[in-house]
Amino acid sequence: MSLDGLALPAFILLIVTSMVVLLSRDWRWSLVALSTQYLGVFYFVAQNWPFSMAVIKLVVGWMAGAALGTTLVGQRKLEGESLSFAGRVFPFLAGCLVIILVFSLAPQVLTWFPNHTSIYLVDGGMTLVMMGLLQMGMTGQPYRVILGLLTMFAGFEVLYASVEVSILVAGLLAAVNLGLALIGIYFITNSTAEGSL
Amino acid sequence: MSSPVIWMAFPLALALILFGLQRYTRWVTLSGVLLTAGMALLAILLPVEQPMQWLNLSFKISDTLNILGRKFTLSSGDLPFVAFIYFIASIWFLGSLAAKTTPSFIPLGLGMVIFLIAALTVDPFLYAALLIEIAVLLSIPIMSPPGIKAGYGIQRYLIFQTLAVPFILFTGWMLTGVENNPADAVLATRVIIMLGLGFAFLLAIFPFYTWIPTLVEEAPPYVTGFVFVMLPMIAVMFLLNFLDRYTWLRSDLRIYDTLRLTGVLMVTTAGIFAAFQQNLGRILGYAVIVETGLALLSISSASVIGLGLFSAQLLTRACGLWLWALALDGLKQRLPALGFKDIHGVLRKFPFISASILLALFSLAGLPLLAGFPIRLSLLDLIAQSTQVEGQSSSLSTQFSFFVQSQTAVVWIALGLLGLFVAGFHSLLIMASPGEEPGWSVGEKPAMLVPLSLGMLVLFLIGLFPHWFLPGMQAILRGFIHLLS
């Protein structure tokens, strides 16, 4: 079964999910979006890697999401975090600017990659990288920093998969992703022990 | 049996066991010390790829281990450096008996050391970026104690170190393109920019170093000192690996000019900033930045002498930071904070701790008779004497000649070191001022007093007899055949 026609929907999925991760203050929505994001990552990685290796990205991403979610369940202090109207609109506008920037830069960046690389792959990877950077730059909360790092790293993996196929790299990237999730859990438990996240 | 199994797999298995036993803190610490000291000794004694006889058995330790289709190679040329890393780790673990560290410091610290060694042995060596990242992840729990919210410094540390990974991995891929087509100047420039950004994040190079003082202020000083000795050391060795492997990179003048420019900027800015700090932790952070800047300056000379100075600097840096971090940790256990308003009169109450902090600071600043002096002097001499051949300078050195040219560079470096001296004298003034209680007393317990005294003695010994200690350090660079030729 060919999945070539799904590049545009996968790219749109990455835009929507990364935007939800950026904007949502409810950890449930953030984690659902993060986990869904890995479907798009899996799709793009599978364009260049064997299916069995690309699945690692999906499994690891979901494991990271599940590990963070399991820790966050029952953390009452995390609920009800509300933001002002301006506090919501500003990140949304910044996210939109990032997407515009990606559209303008991607054709140039595409020339750096091998010929078979699709523009949607570069678009998707760059969107995640830049949304992740935006997320990290706009927050001081350790948990949200980890979400930003995971998003940024997912974008990098999409781009890197088009230039390097290696089982050791796949294993090391998986270890880094899971390590980031574990550090996220550590940050969350420390934050809630002190009373704020 | 292969060398990666002996110096990586076996210690890793023991680190996992120690992680499970961390509630027996004292035993775990002693095991960690013995293990790392044993590994250092083995690295000096055991020959690799040479037939050996023991009793009636004849065997050979191979230098390669294959994992998932890739090779980890630990050759005899790498072993002096492995011995050095394990030796430093054993000293640091021993000091943790006196310092206040989390129970996980020994197993996670050991794990960190192993992954950093693995980073230097993996082939293709670019994958080292991922192994260094894993070491960074292992360092987070020891620098962010349980029950305390992760601060700004630790978050930035994690972010910046993680940002280095994509740049370095992409550089690796681009390098193959340059190897195939060396005449492509655009691609070469692109590689240098990507490589520069990767190492700027990894080594916390100007202007990406702002998180270091914040992190030292927030985190336990002793473990932070450990991380700041291990990580930059491996990162610089990783950089040398790049230069050693790629001839075109090694012969590109822009690389050396960039190293010199960033080195000068780091030493100057961090030294001047240190002079204005009001917190002993933050001063340590700026001293770490100055040290990294000096390491870059040693490499920027593109000479065997410069590399020798870099290797010698690793020893003095480790000794100075060990003493400083241990003393600072001792002070933090006794005072609410390390700000200048909190340390009035500590020299009268804790003379050994205070003297250790001041001596370590002055050593890193390059005070005569202390360990840092011979290296600072030789480095300044080397930079002052380095002359650029007409027509062989890069555009970078022309644009930034005010910083890069030998005479002006020396002035800027001296200014940065002067900043550290000012920070030292300012600290001395505050520490020696009369506190609430008049008179002098020795408030340190023997468990703290003995290691501090030994540390101070070592700083003096290296300063007085550098020829006993420093020339031997060049052996750790034996693996870089092309750079040393």
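Here the residue numbers are simple positions, counted from 1 along each chain's written sequence. Here every chain gets a letter starting at A, and every ligand a number starting at 1, in the order they are written. Where local features are concerned, this predicted model is filtered to residues with pLDDT of at least 70; where side-chain atom pairs are given and counted, the filter is 80 or more; whole-chain, interface and lining totals use all residues. In computing side-chain properties, one takes all heavy atoms of the structure into account and sets aside hydrogens as well as water.

### Side note on the overall build of chain B
Each helix and strand counted, chain B has 22 helices and five strands in total. Just to be clear, the radius of gyration here is over C-alpha atoms, and the globule rule we use is 2.2 Å times residues to the power 0.38. Against the globule reference of 23 Å for 485 residues, chain B gives a C-alpha radius of gyration of 22 Å, in line with a compact fold. For chain B, the spread of C-alpha atoms along the three principal axes comes to 75 × 65 × 45 Å. Between buried and exposed lies partly exposed: a residue is buried under 20% and exposed over 50% of the maximum accessible area for its type, with that area taken using a 1.4 Å probe on protein chains only. For chain B, the residues scored as buried account for 60% of the 485 residues in total. The helix and strand labels rest on DSSP assignments: H or I over at least four residues marks a helix, E over at least two residues marks a strand, and numbering proceeds from the N terminus.

### Remarks on the overall build of chain A
On a plain count of helices and strands, chain A comes out with seven helices and zero strands. Its helices and strands in sequence order give chain A the pattern α-α-α-α-α-α-α, from N to C terminus. A compact globule built from 197 residues should have a C-alpha radius of gyration of about 16 Å, and chain A, at 17 Å, falls within 12% of that. Judged by the C-alpha coordinates and their principal axes, chain A covers about 50 × 35 × 25 Å. We call two residues contacting when some pair of their heavy atoms lies within 4.5 Å. Considering only contacts within chain A whose residues lie at least 6 apart along the sequence, 73% involve residues at least 24 apart. The convention is simple: Lys and Arg are positive, Asp and Glu are negative, and His and the chain ends are not counted. A charge is said to be at NZ when it belongs to Lys, at CZ for Arg, at CG for Asp and at CD for Glu. Looking at charge distribution, chain A has the averaged site of its 7 positive side-chain charges lying 12 Å from that of its 8 negative ones.

### Observations regarding the interface of chain A and chain B
Each partner contributes to the interface: chain A provides 39 residues, whereas chain B provides 35 residues. Where chain A abuts chain B, roughly 3200 Å² becomes buried across the two surfaces, and 77% of that area is made up of carbon and sulfur atoms. Here's the idea: put two parts together, see how much 1.4 Å probe accessible area each one loses, and the total over both is what we call buried area. Contact with chain B buries area across many residues of chain A, yet W112, L168 and Y186 of chain A alone supply 21% of it, more than any other trio. Salt-bridge detection follows one rule: a side-chain nitrogen of Lys or Arg within 4 Å of a carboxyl oxygen of Asp or Glu. Across the contact surface, chain A and chain B share one salt bridge. Notably, a salt bridge pairs R70 of chain B with E164 of chain A, separated by 3.9 Å at the nearest N-O pair. Counting of polar contacts relies on pairs of N or O atoms within 3.5 Å, with two restrictions inside protein: one atom must be capable of donating a hydrogen and the other of accepting it, and residues adjacent in sequence are counted only when both atoms are side-chain atoms. Across the chain A-chain B interface, the total number found is eight residue pairs in polar contact (both at pLDDT 80 or more). Secondary structure elements with two or more residues in the side of chain A that touches chain B: α5 (119-137), α6 (142-161) and α7 (167-194) of chain A. Considering each element in turn, the side of chain A that touches chain B owes the most residues, 16 residues, to α7 of chain A. Only Asp, Glu, Lys and Arg are considered charged in this grouping, and only Ala, Val, Leu, Ile, Met, Phe, Trp, Tyr, Cys and Pro are considered nonpolar; every other residue, Gly among them, is considered polar. Along the lines of polarity and charge, the residues of the side of chain A that touches chain B split into 29 nonpolar, eight polar and two charged.

### Thoughts on the sheet that holds strand β4 (residues 70-73) of chain B
Reading across the sheet, the three strands line up as β3-β4-β5 (chain B) and stay open at both edges, with antiparallel pairing between neighbours. Every interior strand has two partners, whereas the edge strands, β3 (64-67) and β5 (122-123) of chain B, have only one. By definition, two strands form a pair when at least two bridges between them are found by DSSP.

### Structural notes on the packing of aromatic side chains
All names here are of chain A. Only the six-membered ring of Trp is used, alongside the rings of Phe and Tyr, when aromatic pairs are assigned; centres must lie within 6.5 Å, and planes under 30 degrees apart are stacked while those over 60 apart are edge-to-face, with the rest tilted. Within this structure, the stated rule accounts for 32 aromatic pairs over all chains. Both rings, one in F11 and one in Y120, keep their centres 6.3 Å apart while their planes meet at 40°; by these two values the pair is tilted. A residue pair is termed long-range when its members are at least 10 positions apart, and F11 in helix α1 (residues 7-23) and Y120 in helix α5 qualify at 109 residues. Taken together, a centroid distance of 5.5 Å and an interplanar angle of 80° make the contact between F42 and F51 edge-to-face. Look at F51 and you get exposed, because its relative accessible area is 57%.

### Observations concerning the environment of R245 of chain B
Residue and element names in this part refer to chain B. The topology assignment puts R245 in helix α9 (residues 221-245). Among the residues examined, R245 registers a relative accessible area of 40% and is labelled partly exposed. Taking the C-alpha atoms as reference points, R245 and I430, separated by 185 residues in sequence, lie 50 Å from one another. Apart from residues no more than four positions distant in its own chain, R245 is found in contact with D123, F125 and R250.

### Quick notes on the pairing of strand β2 (residues 57-60) of chain B
Residues and elements named next belong to chain B. Sheet topology note: the strand β1 (residues 51-54)/β2 ladder contains four bridges and is antiparallel. Following the sheet pairing, P51 is matched in β2 by K60. In this structure, the hairpin formed by β1 and β2 is closed by a connection of two residues, where L55 is found at a positive phi of approximately 55°.

### Considering the packing of helix α13 (residues 304-334) of chain B against helix α15 (residues 351-365) of chain B
Residues and elements named next belong to chain B. The axes are straight lines fitted to the C-alpha atoms, using for helices just the contacting stretch, and the angles between their N-to-C directions are given from 0 to 180°. Between α13 and α15, whose axes approach to 8 Å, the crossing angle comes to 150°. One element, α13, and the other, α15, form an angle in the roughly antiparallel class. Considering only the axes of α13 and α15, their crossing is left-handed. Contacts between α13 and α15 pair T316, R317, G320, L321, L323, W324, A327, L328, G330, L331 and R334 from the former with I353, S356, I357, A360, L361 and L364 from the latter. Taken together, the residues of the contact of α13 with α15 sort by class into 11 nonpolar, four polar and two charged. Here the word oblique covers every angle except those under 35 degrees (roughly parallel), over 145 (roughly antiparallel) and from 65 to 115 (roughly perpendicular). With the far helix as reference, a near helix turned anticlockwise by less than a right angle produces a left-handed crossing, and one turned clockwise produces a right-handed crossing.

### Digging into the side chain of N279 of chain B
Residues and elements named next belong to chain B. As for its position among the elements, N279 is in the loop between α11 (253-275) and α12 (280-300). The exposure class assigned to N279 is buried, which follows from its relative accessible area of 11%. Residue contacts for N279: discarding those within four places in its chain leaves E217, L338, G339 and F340.

### Side note on the side chain of Q313 of chain B
Residues and elements named next belong to chain B. Of note, Q313 is situated in helix α13. The buried category is assigned to Q313, whose relative accessible area is 2%. Aside from chain neighbours lying at most four places away, what touches Q313 is E291, L294, A295, S298, I375 and R376.

### A closer look at the domain arrangement of chain B
All names here are of chain B. For the domains described, the bounds stem from an automatic or database domain assignment. Each domain of chain B was delimited in the assignment, giving domain 1 (1-123) and domain 2 (124-484). Computed over C-alpha atoms only, the centres of domain 1 and domain 2 are separated by 24 Å. Regarding the contact of domain 1 and domain 2, the summed buried area is about 3400 Å², with carbon and sulfur atoms giving 81% of it. A per-residue breakdown of the area domain 1 buries against domain 2 is headed by F84, W92 and M112, which together make up 22% of the total.

### Some words on unusual backbone geometry
Residue and element names in this part refer to chain B. Residue P207 is bonded to the preceding F206 through a cis peptide linkage, with omega at 5°. Mapped onto the elements, P207 comes out in the loop between α7 (185-202) and α8 (211-218). For E49, which is not glycine, the phi dihedral falls at a positive 60°. With a relative accessible area of 35%, E49 lands in the partly exposed category. You will see that A204, though not glycine, has its phi angle at about 55°, which is positive. If you trace the backbone, A204 turns up in the loop between α7 and α8. A204 gets classed as buried once you look at its relative accessible area, which sits at 3%.

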